[in-house]
Protein chains: 2
Amino acid sequence: MAGPVHPRKRPTQADVARLAKVSPAVVSAVVNGRTAGGVRVGDTTAARVEEAIQQLGYVPNIAARNLAGGRSNIIGLFTYEALFPMEAMSFYHPFLLGVEEAVEDLDCHLLLFTGSHVDGRRRAIYKNGVNTLQLADGAVIVGQAEDRAELTTLLREGFPAVFIGRRELTGIEASYAAADYSTATRRLVERISALGHRRIARLHGGSGHESIVDRDTGFTAARTLLADRLDAADVFVTPNAAAVTELVPRLVEQGYTCLITDDCERAVDACAAAEALGRSVPGDLSVAALSEFSFTPTDRDFTTVVTPGRDMGTAAIRLLADILDNPSDRSPRRTVIECGIRDGDTLAAPRG
Amino acid sequence: MAGPVHPRKRPTQADVARLAKVSPAVVSAVVNGRTAGGVRVGDTTAARVEEAIQQLGYVPNIAARNLAGGRSNIIGLFTYEALFPMEAMSFYHPFLLGVEEAVEDLDCHLLLFTGSHVDGRRRAIYKNGVNTLQLADGAVIVGQAEDRAELTTLLREGFPAVFIGRRELTGIEASYAAADYSTATRRLVERISALGHRRIARLHGGSGHESIVDRDTGFTAARTLLADRLDAADVFVTPNAAAVTELVPRLVEQGYTCLITDDCERAVDACAAAEALGRSVPGDLSVAALSEFSFTPTDRDFTTVVTPGRDMGTAAIRLLADILDNPSDRSPRRTVIECGIRDGDTLAAPRG
DNA sequence: ACCCTTTGATAAAGCGCATCATCTGATGGC
DNA sequence: GCCATCAGATGATGCGCTTTATCAAAGGGT
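By convention here, each chain's residues receive numbers from 1 onward along its written sequence. Here chains are named by letter from A upward and ligands by number from 1 upward, in the order in which they appear as written. Owing to the predicted nature of the model, reporting of local features is limited to residues with pLDDT of at least 70; listing and counting of side-chain atom pairs is limited to 80 or more, with chain, interface and lining totals taken over all residues. The basis for every side-chain value is the complete set of non-hydrogen atoms in the structure, without hydrogens or water.

Caption draft 1: Spotlight on the pattern of salt bridges. Within this document, salt bridges are pairs made up of a side-chain nitrogen of Lys or Arg and a carboxyl oxygen of Asp or Glu, the two lying within 4 Å of each other. Counted under the stated rule, the structure contains 44 salt bridges over all chains. Between Asp231 of chain A and Arg198 of chain A there is a salt bridge; the shortest N-O distance is 3.1 Å. Of the two residues, Asp231 of chain A is situated in the loop between helix 8 (210-225) and strand 9 (232-237) and Arg198 of chain A in the loop between helix 7 (181-194) and strand 8 (199-204); the sequence distance between them amounts to 33 residues. Asp269 of chain B is the salt-bridge partner of Arg266 of chain B, the closest N and O atoms lying 2.5 Å from each other. One end of the pair, Arg266 of chain B, and the other, Asp269 of chain B, are both in helix 10 (residues 264-276), 3 residues apart, so they sit about a helical turn from each other. Taken together, the shared-partner salt bridges in this structure form one network comprising Glu146, Arg148, Arg167 and Glu210 of chain A. The helix count covers DSSP runs of H or I at least four residues long, the strand count covers runs of E at least two residues long, and both are numbered beginning at the N terminus.

Below you can see the structure in the form of structure tokens.
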């Protein structure tokens, strides 16, 4: 019953063919669903081949299969940073959840590109000018820190890649599964306005990333739409905690009743600054964040925009699958997914 | 400056060779650091080749390289359950952290085997009797729910695999990176004894898993070592919350002052049962757990044995790397790693 | 001058697979 | 009963690379 112990070498198609007394082409056809490659196989022969495969424990060699032009059923996931450190996980986890799910549905495996360092500790797609992602049929790319030039090259090459999050690269149209931060931001501002706030300040981290630009768009749209119900809806650039700490007192003095930050980190800073002035949140000042993300655990339950991470993950894989199934269609695949808004306890009607 | 968009076909080594007027072997040598593969290349020729590579934007094809070379530099990670659901993450995360780190050091990639379902939703290594893990050079296997028969077959086959956690399979010696639960358990009991406890009860979940057997060993060792300082150190089987709830009152009545559970889940149950009797933890009764793991977040800060998950992960990968580098050595590789003990607030000296 | 070593380079043999062009019988239409 | 058809199978070819065996030419010692 026990097969050979420690086979020196993995069995090949040829071995199977020999055992089943058929040609290698037949084995190939059986493995890839019969009739593949224009070769037909009868039921009895197929059974005999399956049997031989069973007996030898044959498994197709990915490299060979790839080389010969077939697919490997491996989908890659690339991130410029390590995936599993605690701080990273809090960001990546929802995406991973969705990706794993979708990849599982496709009956594919997931390849994490961990060993793609170029010299220092930084990951890179191209190593010695070699596109390491080629190991997979295609790849999903997620994360914030990134090398745009490299990504542009990747797409130029025609490599099947889908981003999680919107990306605009110069000279080439990228495929992505993105969150609709624009609409979410607008809705959040509308909600704030509906509560009675007339002076709103947006504390902008200063990033030019697409996900932030989308929020900018939404904020601007809201300001236009609500022009007659708002006395002020201004944007202030606060790249760090210090900037927030310094700015908040002035805003309070100028009568702003609600602050909107990019993320919970800055929201925490804003609350701290407010409380340092003896103002309570949300009693005297409301605070909301345009992202639920936070590197460090926060004690407050902020009202935030919620990124549909899991859905973005599954959507990205689906887009990638579509690209792989229809390689002749070179057009970019895009999905934009609605965001939620989580009602925390940092948003209330303004005093008086 | 912009390269060709969507090149129909990527340039090959042969193309470069033609342009540089050298043989393909020389190109290969230049790409892999000269003198690779026993082929030497002069400085001027090398320069000419580099130039041609640049000009064509040549990038080696990994599939072909792997096919020719043998190893794929892909290390597999297999789990019988999905990796990223919230509950699973709390268990897998530390291991993943270590694995990613070590794989990164090896300059390998990590392949997550997700699409290996046999019929229902359950994952399996063998699909149609075929070992799907062979896509990778070797694999690390982690998790609790498992198919021992399948694992035995896997090792019999000689597939390079390392377990995270001790495994004893019939008829074959497995490689693993394990935690030293035995010593940790003994130390925990010693600490409890040192606090003055003389009647200790171990609430045993009834599992026969190696990790639990190791704890059994440690508990027994402690009982022997501390025979004269202990009036009782007994084991009670409590497979579920109900069993705990029912048992605890009797134990309290019989004068046990410290309960040791397998995990935090049961520890929570024990606390609840004690408090239902009007006893406080740790005032009237001490509680400790032999694993920090808990599916659900606990409010108490239990004193527990801490599994060195990250270290086990890196150790497992190192062992695997050793197997891959020395395939002729068929002996099992094993690493046993010391556990920590986390001091929570559920353990105190017994009253009076 | 001779042989031996070293340097620089080449041609060719696979690696394991998918696929294309053929080939062989059996079937079927009429 | 004969040719067209097609299911079923084969062999060869090539994907792009690494590596081995081989070889030409250039020193270098005696």
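Caption draft 2: Main features of the protein's contact with DNA strand C. The nearness test applies per residue and asks whether one of its heavy atoms lies within 4 Å of the molecule or strand. Around DNA strand C, the structure places 28 residues, and the nearest of them are Gln13, Ser28 and Tyr58 of chain A together with Gly42 and Thr45 of chain B. Taken together, the sugar and phosphate atoms account for 64% of what DNA strand C places within 4 Å of the protein. Measuring from a phosphate oxygen of DNA strand C, one finds a side-chain N or O atom of Tyr58 of chain A at 2.6 Å. The term polar contact refers here to a pair of N or O atoms within 3.5 Å; inside protein, the definition further demands a hydrogen-donor-capable atom paired with an acceptor-capable atom, and it admits residues adjacent in sequence only when both atoms are side-chain atoms. A distance of 3.0 Å separates a phosphate oxygen of DNA strand C from a polar side-chain atom of Arg65 of chain A. Secondary structure elements with two or more residues in the surface near DNA strand C: helix 2 (24-31) and helix 4 (62-67) of chain A together with helix 2 (24-31) and helix 4 (62-69) of chain B. Broken down by element, the residue count for the surface near DNA strand C peaks at 3 residues, all from helix 4 of chain A. Nonpolar residues are Ala, Val, Leu, Ile, Met, Phe, Trp, Tyr, Cys and Pro. Charged residues are Asp, Glu, Lys and Arg, and all others, Gly as well, are polar. The class makeup of the residues in the surface near DNA strand C is 15 nonpolar, 9 polar and 4 charged.

Caption draft 3: Summary view of the interface of chain A and chain B. Every residue pair with non-hydrogen atoms within 4.5 Å of one another is taken to be in contact. Counting residues at the interface gives 58 residues for chain A, matched by 56 residues for chain B. When two parts are brought into contact, each loses some accessible area as probed by a 1.4 Å sphere; the total of that loss over both is the buried area. Both faces considered, chain A and chain B share a buried interface measuring about 5000 Å² in area, 59% of it formed by carbon and sulfur atoms. Across the pair Glu100 of chain B and Arg123 of chain A runs a salt bridge whose closest N-O atoms are separated by 3.0 Å. Our enumeration of links across chain A and chain B arrives at 16 residue pairs in polar contact (both at pLDDT 80 or more). Those elements giving two or more residues to the side of chain A that touches chain B turn out to be helix 3 (43-56), helix 4, helix 5 (86-106), strand 2 (109-112), strand 4 (130-131) and helix 6 (148-156) of chain A. The leading source of residues in the side of chain A that touches chain B is helix 5 of chain A, at 9 residues. Residue composition of the side of chain A that touches chain B, by class: 31 nonpolar, 15 polar and 12 charged. Note that strand 2 of chain A and strand 2 (residues 109-112) of chain B share 3 bridges and pair antiparallel. By the bridge assignment, Leu111 of chain A is partnered in strand 2 of chain B with Leu111 of chain B. A pair of strands counts as paired when DSSP detects no fewer than two bridges linking them.

Caption draft 4: Just the packing of aromatic side chains, in detail. Between 30 and 60 degrees the pair is tilted, below 30 it is stacked and above 60 it is edge-to-face, where a pair is any two Phe, Tyr or Trp rings, Trp via its six-membered ring, whose centres lie within 6.5 Å. According to the stated counting rule, one finds 13 aromatic pairs over all chains in the structure shown. For the pair Phe91 of chain B and Tyr92 of chain B, a centre-to-centre distance of 5.1 Å together with 70° between the ring planes defines the contact as edge-to-face. For the exposure calls, accessible area comes from a 1.4 Å probe over protein chains only, and a residue counts as buried if that area is under 20% of its type's maximum, exposed if over 50%, partly exposed in between. By relative accessible area, Tyr92 of chain B is classed as buried at 1%. One aromatic cluster is present, formed by Phe91, Tyr92, Phe95, Phe293 and Phe295 of chain A through successive ring pairs. The ring of Tyr256 of chain A is capped by Arg199 of chain A, whose NZ or CZ atom sits 4.8 Å from the centre of that ring. Any Lys NZ or Arg CZ found within 6 Å of a ring centre and within 35 degrees of that ring's normal is scored as a charge over the ring. The ring of Tyr181 of chain B carries the charged tip of Arg215 of chain B above its face, separated from the ring centre by 3.7 Å.

Caption draft 5: A look at unusual backbone geometry. Residue Pro282 of chain A follows Val281 of chain A across a cis peptide bond; omega there is 5°. Mapped onto the fold, Pro282 of chain A is located in the loop between helix 10 (264-276) and strand 11 (286-289). Residues other than glycine seldom take positive phi values, yet Asp107 of chain A does so here, at roughly 65°. One non-glycine residue, Lys21 of chain B, lies in positive phi territory at about 55°.

Caption draft 6: Broad picture of helix 1 (residues 13-20) of chain A. Residues and elements named next belong to chain A. Those residues of helix 1 not exposed but buried are Val16, Ala17 and Ala20. Considered in projection along helix 1, the buried side chains sweep an arc of 100° and stay on one side of the axis. Buried residues along helix 1 sit against helix 2 and helix 3. The N-cap residue of helix 1 is Thr12: its side-chain oxygen and the backbone nitrogen of Ala14 are 3.1 Å apart. The first or second residue beyond helix 1 is Lys21, which carries a positive phi of 55°. The arc in question is the one spanned by the directions pointing from the helix axis to the C-beta atoms.

Caption draft 7: Inspection of the sheet that holds strand 11 (residues 286-289) of chain B at higher detail. Residue and element names in this part refer to chain B. Pairing is mixed across the open sheet formed by 6 strands, whose spatial order is 9-8-10-11-12-14. This sheet does not close on itself; its edge strands, each paired only once, are strand 9 (232-237) and strand 14 (340-342). Direction aside, neighbouring strands of the sheet carry axes that sit 20° apart on average. Here strand 10 (residues 258-261) runs beside strand 11; their pairing, made up of 4 bridges, is parallel. For helices, the fitted axis covers only the stretch in contact; all axes are lines through C-alpha atoms, and the angles between them, taken along N-to-C directions, range from 0 to 180 degrees.

Caption draft 8: Representation of the domain arrangement of chain A. Residue and element names in this part refer to chain A. Boundaries of every domain are those given by an automatic assignment or by a domain database. Partitioning chain A into domains gives domain 1 (13-60), domain 2 (74-180 + 310-340) and domain 3 (181-306). Between domain 2 and domain 3, the residue contacts involve 14 residues of the former and 15 residues of the latter. When domain 2 packs against domain 3, close to 1200 Å² is buried across both sides, 44% of that on carbon and sulfur atoms. Note that Glu338 is salt-bridged to Arg187, the shortest N-O span being 3.6 Å. The dominant element in the side of domain 2 that touches domain 3, judged by the number of residues it contributes, is helix 5, at 3 residues. Taken together, the residues that form the side of domain 2 that touches domain 3 break down as 3 nonpolar, 3 polar and 8 charged.

Caption draft 9: Layout of the relation of the copies chain A and chain B. When chain A is fitted onto chain B, the two copies agree to an RMSD of 1.8 Å after a turn of 180° and an axial shift of 0.2 Å. Given the turn and translation reported, the copies of this chain are related as if by a two-fold rotation axis. Proximity to the rotation axis, assessed at the C-alpha, singles out Ala63 of chain A in chain A; its C-alpha lies 0.4 Å from the axis. When the interface residues of chain A are mapped onto chain B, 91% of them again lie at the interface, so the same face is used by both copies. Superposing the copies works by least squares over the C-alpha atoms of residues that have pLDDT at least 70 in both of them.

Caption draft 10: Structural context of the packing of helix 1 (residues 13-20) of chain B against helix 2 of chain B. All names here are of chain B. Remark: helix 1 packs on helix 2, axes separated minimally by 8 Å, with the N-to-C direction vectors making an angle of 105°. Compared by their axis directions, helix 1 and helix 2 come out roughly perpendicular. On helix 2, the residues that touch Gln13, Val16 and Ala17 of helix 1 are Pro24, Val27 and Ser28. Any angle between 65 and 115 degrees counts as roughly perpendicular, while under 35 counts as roughly parallel, over 145 as roughly antiparallel, and the rest as oblique.

Caption draft 11: Representation of the sheet that holds strand 13 (residues 334-337) of chain B in the model. An order of 13(A)-7(A)-6(A)-5(A)-1(A)-2(A)-2(B)-1(B)-5(B)-6(B)-7(B)-13(B) is seen for the 12 strands of this open sheet, with the pairing classed as mixed. In the strand order of this sheet, the two ends are held by strand 13 (334-337) of chain A together with strand 13 of chain B, each with one partner. On average, adjacent strands in this sheet sit at an angle of 20° to one another, irrespective of strand direction. Packing against the sheet, helix 11 (residues 309-325) of chain A makes contact with strand 1 (74-78), strand 5 (138-141), strand 6 (161-164), strand 7 (175-179) and strand 13 of chain A, and its axis sits at approximately 165° to strand 6 of chain A. Packing against the sheet, helix 5 (residues 86-105) of chain B makes contact with strand 1 (74-78), strand 2 and strand 6 (161-164) of chain B, and its axis sits at approximately 140° to strand 2 of chain B.

Caption draft 12: Local environment of the nonpolar core. In this structure, Phe84 of chain A together with Phe84 of chain B are the most contacted members of the largest nonpolar core, which totals 104 residues. Contacts of Phe84 of chain B, omitting those with residues within four sequence positions, involve Phe84, His93, Leu96, Leu97 and Glu100 of chain A together with Met89, Leu96 and Leu112 of chain B. In these notes, a set of buried Ala, Val, Leu, Ile, Met, Phe, Trp, Tyr and Cys residues joined through side-chain atoms within 4.5 Å is what counts as a nonpolar core. Counting 50 residues, the second-largest nonpolar core is a separate cluster that includes Ile62 and Leu155 of chain A together with Tyr80 and Tyr176 of chain B.

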